[in-house]
Each structure stands twice: as C-alpha cells, then as structure tokens.
Amino acid sequence: ANLFMNKSRYEDAIANIEIVRSMQKADRRSLQLLGNLYLQERMPKQSVEAYIESIQGDFDSDDVDKWLNPLETLTARGFHAEAERYHKAIKQALPPSALKKHHEILALSEASVNFHLGDADTAHSLIRPIVDKNPMNGEGLLLLGKIHQSHQETEKAAFYFERARSVPDVKEKALVQL
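Residues numbered from 1 in each chain as written. Predicted model: local features only at pLDDT ≥ 70, side-chain atom pairs only at ≥ 80, totals over all residues. Heavy atoms only, no water.

A. Up close: the overall build of the protein. A count of helices and strands for the protein gives 12 helices and 0 strands. In the protein, the order of α-helices and β-strands from amino to carboxyl end is α-α-α-α-α-α-α-α-α-α-α-α. Once the C-alpha set of the protein is aligned to its principal axes, its extents read approximately 55 × 35 × 30 Å. Intrachain contacts of the protein at a sequence separation of at least 6 include 51% that bridge at least 24 residues. Accessible surface, the protein as shown: approximately 10,200 Å² in total, 49% of it carbon and sulfur. In the protein, the 23 positive side-chain charges and the 26 negative ones have mean positions that sit 2 Å from each other. (Helix = DSSP H or I, 4+ residues; strand = E, 2+ residues; numbered from the N terminus. Contact = heavy atoms within 4.5 Å. Areas by Shrake-Rupley, 256 points an atom, 1.4 Å probe, with all protein chains shown as cover. Lys, Arg positive; Asp, Glu negative; His and termini not counted. Charge placed at Lys NZ, Arg CZ, Asp CG, Glu CD.)

B. Representation of the pattern of salt bridges in the model. Tallied over the entire structure, the rule returns 7 salt bridges. Ionic pairing is found between Asp132 and Arg128, a salt bridge with its closest N-O pair at 2.9 Å. With a gap of 4 residues between them, Asp132 and Arg128 both fall in helix α9 (residues 120-133), about one helical turn apart. In this structure Arg128 comes out as partly exposed when scored by relative accessible area, which is 31%. (Salt bridge = Lys/Arg side-chain N within 4 Å of Asp/Glu carboxyl O. Buried < 20%, exposed > 50% of the residue type's maximum accessible area, 1.4 Å probe, protein only.)

C. Quick look at the packing of aromatic side chains. Following the criterion strictly, the structure yields 2 aromatic pairs and no others. Consider the rings of Tyr51 and Tyr86, whose centres lie 5.5 Å apart with planes at 40°: the pair is tilted. In this pair, Tyr51 is assigned in helix α4 (residues 44-54) and Tyr86 in helix α6 (residues 80-93), connecting sequence segments 35 residues apart. The residues Tyr51 and Tyr86 share a single accessibility class, namely buried. Where Phe159 meets Tyr160, the ring centres are 5.1 Å apart and the plane angle is 75°; that geometry is what we call edge-to-face. Given the relative accessible area of 6%, Tyr160 is considered buried. (Phe/Tyr/Trp six-rings, centres within 6.5 Å; stacked < 30°, edge-to-face > 60°.)

D. Fine view of the side chain of His148. In this fold, His148 is placed in helix α10 (residues 138-150). Within the local environment of His148, its side chain forms a polar contact with the side chain of Glu153, the two groups lying 2.4 Å apart. Non-local contacts of His148, meaning those with residues more than four positions away in its chain, are made with His124, Glu153, Lys156, Ala157 and Tyr160. (Polar contact = N/O pair within 3.5 Å; in protein donor to acceptor, adjacent residues only side chain to side chain.)

E. Representation of the packing of helix α3 (residues 28-40) against α4. Across the interface, α3 lies against α4 with an axial gap of 8 Å and an inter-helix angle of 165°. Of the possible angle classes, the one that applies to α3 and α4 is roughly antiparallel. By crossing handedness, the relation of α3 to α4 is classed as left-handed. Contacts between α3 and α4 pair Arg28, Leu31, Gln32, Leu34, Gly35, Asn36, Tyr38 and Leu39 from the former with Gln46, Ser47, Ala50, Tyr51, Glu53 and Ser54 from the latter. Partitioning the contact of α3 with α4 into residue classes produces 6 nonpolar, 6 polar and 2 charged. (Axes fitted to C-alpha atoms, helices over the stretch in contact; angles between N-to-C directions. Parallel < 35°, antiparallel > 145°, perpendicular 65-115°, else oblique. Left-handed = near helix turned anticlockwise from the far one by under 90°. Nonpolar A, V, L, I, M, F, W, Y, C, P; charged D, E, K, R; others polar.)

Following this line, the structure appears as structure tokens:
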C-alpha cells in the first residue's frame, strides 16, 4: 500500500489494504490509513467505516489525536452526516478521562454538525460554553458568528467574526465572513 501511495495510486493502495482487511489481518494503523485514503478519494461513508473499525478494541491514549483528526476533517469538508456518525462512535470508544480532556474538540465538532444539519439552537448551546471558557477558540467564534448570521442577527454575527479575526489560525476565514 505504501508503494502505491508514493506513486499516487490511491485506488491500488485502497484495494491492497481492503484485501488485508477482508482477511481480518488489518491493524489499527492500516485501518486509519484506509480511512484517510477513502477520505482523500472523497468517499466519506467508506472512510467512516474504516475509522470506526480502527477505534474498536483497547484504548491507547496515544491514538486519541489520530482519532480526532478525521472528525475535524469530515466536519471541515462538509460531510456532516458522516461526522455525526463518527463522533458518536468516538464518544462510545473513549474512556471518560479522554472525553473530558478532549471535550472542546468534541463539542466544537458536534456543534458544527448540528448547525449544518439545521439545528442552530443546539449548536449554540454546545459552542457558547466553549467560547466563554476559551475566548480565543477561533473555530468556535466563527461558528457563533454563522449561527447569529443564520438568525439574521447581523450585529452579533459581526461581533464574533471580528473577534475571530484576531485569532491567527482563522483570520482569513473571519475576513471572508465579514
């Protein structure tokens, strides 16, 4: 699979890992790679299947960031139904200590999914405490701006977009929203 990836032959890499997977010999890293490849090829349903399979089994705290990265990518690319499904699987797989440690990322993702699926009120109730606790959460500020924008609350939306503009990671996105 690595050889195929080096030559940008992603379909061949997918096929190779799927063969190993069908023999039930794919390890967690291979399944995460398979999920990444499916996501690269814009196949989010298959990607989520591989990611969910990769998080089954014993918990390893070193894996949490690897589990959360696809969630953020699915959300950012607009695959909201798939992000919601993966989010639920992560919440079931993570032990309480890890859920607490990564609460901000999980809440932001859940809020974003809710907003894009048409539930702005739930999104607001999820993200507002996060932004209150961490006023420099750029993605949270942007989401609050979008939520207020969707309610035709232009001044409140502009307030959050202006605040987001001061966060380097999201400055360009905030300028676009203004």
